[in-house]
Amino acid sequence: MIRNFRTAILFGVAVSVFAMQLPCLAQSRTDSSGKSGAPQSGVSTELPASAKGEQPVDSKLAAPAVSTDPAASGANATGSAATPSTSAAPAVAPALLRADIIAKELAEMKARIAQLETELKESRAASDAATADKDANALRSAEASDGVAASPSLAQAAAAATPPAAVPEISAQITTKGEPFPGDWTWLNSNGHASDSPMSTKYFTPEFRADANYSIDYNHPKDDSLGGSTETFRADEWQLEQISIGGDIHINNVRGRILTMDGLFATTTVRNDASPSRGQWDLAGAYKYVSEAWGGYHWDKAHGINVDAGIFVSYIGLFSYYNFDNWTYQPSFVSSNTPWFFNGVRIQYFPTTKLKIEPWIINGWQTYARPNGKPGLGGQVLWRPTPWLDVVSNNYGLGEDDIGYPGRSRVHTDDSIQVKYYDKPTAFFDKAAFTVTGDAGCEYGGGPAVGYYNPKGYSPETGSADTYAGGVNCHNSKNGRPKQMFIGTMAYARFWFKKDLYAVTLGGGLMNNPGRYLTLLPPINGATAITGTPYYTENGGDRAQMHDGTITFDYMPSQFITFRLESGYRYSDTPYWTGRGGITPPAFAGGPPLNNGVPTQYACANGAPSGYGYGSLSSAETACHNLGNGTGANTTAIWWPDLRTNQTTTLGSIMVRF
């Protein structure tokens, strides 16, 4: 900056000198040309002001340019002009005098500029020294307060100023070879049509579910109570089927899932498990508000190995535990009568991206506890070779799952295929798929034949007095032991329209289950799997042959919601579905139906407990007649639930998942 300033001053002075020389040269040329002119008596040649603000050269300095000698000029006493001199000497002298003055001023300017530069350098040096002293004093003060030596080296000071190393980032889950089953599987029955999780983070994927329905049963039971289903429980009412919140956690390959369960599912699922009656502690109360709760670990081997322990959903029966995920609201018997959850350990092994092998070590068949002496073993093999084909085989064995019948073991196989055979996203009719499922199983063992069973397997509603409580056979009735087996099949076809905005599903199935060991117990007078009921027994050989069909319409304006309208028909060869009279005894003193608190006994016609259970029907009739019921010791003294062989329903539901 100083150098530029000095250059500017010198340039300005040079321009001034050049400008001043022009009139001098002009005057000199005029005098030497010999031309005459009237000379001025006081000619003044004005110099420009300097950069230092000095005044122009005074006009007195230019006076010697004209001779004032009267003799030489011939001027009169009044100072009038005379004939000018023709000599050049008087003009050159003033010019030389002016050059000397300019040179002197230039020398003074240079000296002043040099002085300013020296002062500026000294000022900068003093400022730098003061700043250094200030920083040094601050460093000494900091060291003294921290107990550090008063004279650290520069290396120590630099180290003190270095920020700490960043904490290494925690991974979520590592699968170097990629997740299994790539592709779009939202078309699958049991998988659900939601494809995104908008609130997902690196370590946690939250989940919320809500399911409410209004079901019309054309039998119109007066107590609004339905039976024989794990999806619909009340008629002619809006009911909250499910409200759940939870999600998936994955940190450093440590995994977990929690999904709470409230709504009707929280009580209806628990009532189908008899295992809490064996031993102490309230297992049903401990688990009733949990649908899934497990923790485990993921190993980055092959395409993944997972080991999880807790409560996890079952895959037997194809349909999902949650209605939002399914093509229909009311599934056929193969799904309704097979497990929704397991309690134990599962091991998931993915040898390729298209195959999963998953063993189970569990307490039993949809049980919180071990019902008898042996736990259950099972597993799944899932194969998805292409995005349009899903093949799954689920198998179960070993478990002794019938409370009160130790030594009676169960085996079961469940096999399904799902095929998406049409997919044109731009067409109005854009997608079509179907599923076929087949189940087979049986129970065996349990000791010799004990008691009487009706060869036709009729329930006590039709007059049977079956009291069989002995061992069973898997495939046939031999040695006085009845056949105890399950065979069922179901098939569904689904069609999507207008970019999956609408869907229509048609399907149904059938079931044959002698012994009723998988048939859902109707909740007559509040009966559960623990209490049983004398009105619908589950003795060896009891009949249960059923079939059903449904038609379902879905409106899906978003991947997170489904509006569903469904109609279905179900049939049983023995009275099973709730009729107009309901399945709840009358209140003792009149009024609406009311459970009497003793579902194990026959109820009297007035609703009071008879004091006698199954196998003692005549004693119950006499006791109820003595209490003022009926016209004698006959069936009129007993209250009977209204059970029918047919059920037709229409259901509307709103289901949310995100």
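Structural data are supplied above this passage.
Not measured: the values here are computed from a predicted model. (Residues numbered from 1 in each chain as written. Predicted model: local features only at pLDDT ≥ 70, side-chain atom pairs only at ≥ 80, totals over all residues. Heavy atoms only, no water.)

Describing the overall build of the protein
Counted only if it meets this: Here a strand is any run of E in DSSP of at least two residues, a helix any run of H or I of at least four, and the numbering for each starts at the N terminus. Only protein chains enter the area calculation, which uses a 1.4 Å probe; residues under 20% of their type maximum are buried, those over 50% are exposed, and those in between are partly exposed. When checking whether two residues touch, look at their non-hydrogen atoms; a contact exists if any pair is within 4.5 Å. Each accessible area is a Shrake-Rupley estimate made with a 1.4 Å probe; only the visible protein chains count as cover when residues are assessed.
On a plain count of helices and strands, the protein comes out with 8 helices and 20 strands. Within the protein, buried positions represent 42% of all 658 residues. Taking the contacts inside the protein whose residues are at least 6 apart along the sequence as the reference set, 66% of them involve residues at least 24 apart. Carbon together with sulfur atoms contributes 61% to the accessible area of the protein, which is approximately 32100 Å² in total.

Remarks on the nonpolar core
Worth spelling out the cut-off: For this analysis, a nonpolar core means a set of buried residues of the types Ala, Val, Leu, Ile, Met, Phe, Trp, Tyr and Cys, connected via side-chain atoms within 4.5 Å.
Within the largest apolar cluster, 32 residues are counted, with the highest numbers of intra-cluster contacts made by Ile524, Tyr535 and Met546. Listing elements by their share of this core, those giving two or more residues are strand E7 (355–362), strand E17 (601–603) and helix H8 (617–626). Contacts of Ile524, omitting those with residues within four sequence positions, involve Thr533, Tyr535, Tyr536, Ile583, Pro599, Trp639, Pro641 and Leu643.

Details of the packing of aromatic side chains
Counted only if it meets this: Only Phe, Tyr and Trp rings take part, Trp by its six-membered ring, and two of them pair if their centres are within 6.5 Å. Stacked means planes under 30 degrees apart, edge-to-face means over 60, and tilted covers everything else. For a ring to carry a charge above it, either NZ of a lysine or CZ of an arginine must fall within 6 Å of the ring centroid while also lying within 35 degrees of the normal to the ring plane.
By the definition in use, this model includes 32 aromatic pairs. With 4.7 Å between their ring centres and 75 degrees between their planes, Tyr576 and Trp577 make a pair best called edge-to-face. For Tyr576, a relative accessible area of 3% gives the class buried. Classification of Trp577 as buried rests on a relative accessible area of 0%. The rings of Tyr422, Phe428, Phe429, Phe495 and Phe497 are connected pair by pair, giving a single aromatic cluster. The ring of Trp294 is capped by Arg346, whose NZ or CZ atom sits 4.8 Å from the centre of that ring. Sitting over the face of the ring of Tyr315, Lys356 holds its NZ or CZ atom 4.9 Å from the ring centroid.

Remarks on the environment of Asp211
To be explicit about the condition: Pairs of N or O atoms within 3.5 Å make up the polar contacts considered here, provided that, within protein, one atom can donate a hydrogen while the other can accept it, and that residues adjacent in sequence are counted only when both atoms are side-chain atoms.
Position of Asp211 relative to the elements: it lies in strand E1 (residues 204–217). C-alpha of Asp211 to C-alpha of Gly263: the two residues are 52 residues apart in sequence and 8.8 Å apart in space. With sequence-adjacent residues up to four places away left out, Asp211 is seen in contact with Gln239, Leu240, Glu241, Gln242, Asn323, Tyr329, Ser653, Ile654 and Met655. Here Asn323 takes part through its side chain, which lies 2.8 Å from a polar atom of the side chain of Asp211.

Quick look at the side chain of Thr328
Positionally, Thr328 belongs in the loop between strand E5 (305–313) and helix H7 (333–336). Not counting residues within four places of it along the chain, the set of residues in contact with Thr328 comprises Phe319, Asn323, Tyr492, Thr505, Thr550, Thr552, Arg564 and Glu566.

Quick notes on the pattern of salt bridges
What counts, and what does not: The salt bridge definition used is simple: a Lys or Arg side-chain nitrogen within 4 Å of an Asp or Glu carboxyl oxygen.
Summed over the entire model, instances satisfying the criterion amount to 23 salt bridges. Here Lys202 makes a salt bridge to Glu169, at a shortest N to O gap of 2.5 Å. Of this pair, Lys202 sits in the loop between helix H4 (154–161) and E1 while Glu169 sits in the loop between H4 and E1, and the two are 33 residues apart along the sequence. By relative accessible area, which is 38% here, Lys202 ends up partly exposed. Its salt-bridge partner being Asp542, residue Arg516 comes within 3.9 Å of it at the nearest N-O pair. Taken together, the residues span a long stretch of sequence, with Arg516 in the loop between strand E13 (502–512) and strand E14 (545–558) and Asp542 in the loop between E13 and E14 at a distance of 26 residues. For the pair Arg516 and Asp542, a shared accessibility class is recorded, and that class is buried. Salt bridges here are not isolated pairs; linked through shared partners, they connect Glu207, Arg209, Asp248, Arg257, Glu292, Asp325 and Arg657.

Things to note about the pairing of strand E4 (residues 290–299)
Test applied: A pair of strands is labelled paired if DSSP reports no fewer than 2 bridges between them.
Examined bridge by bridge, strand E3 (residues 254–260) and E4 share 7 bridges and lie antiparallel to one another. Residue pairing for E4: Arg257 is matched across the bridge by Trp294. Pairing of E4 with E5, which is carried by 7 bridges, proceeds in the antiparallel orientation. Within the sheet, the bridge partner assigned to Gly295 lies in E5 and is Ala309. Adjacent in sequence and paired antiparallel, E4 and E5 are bridged by 5 residues, among which Ala302 carries a positive phi angle near 50 degrees.

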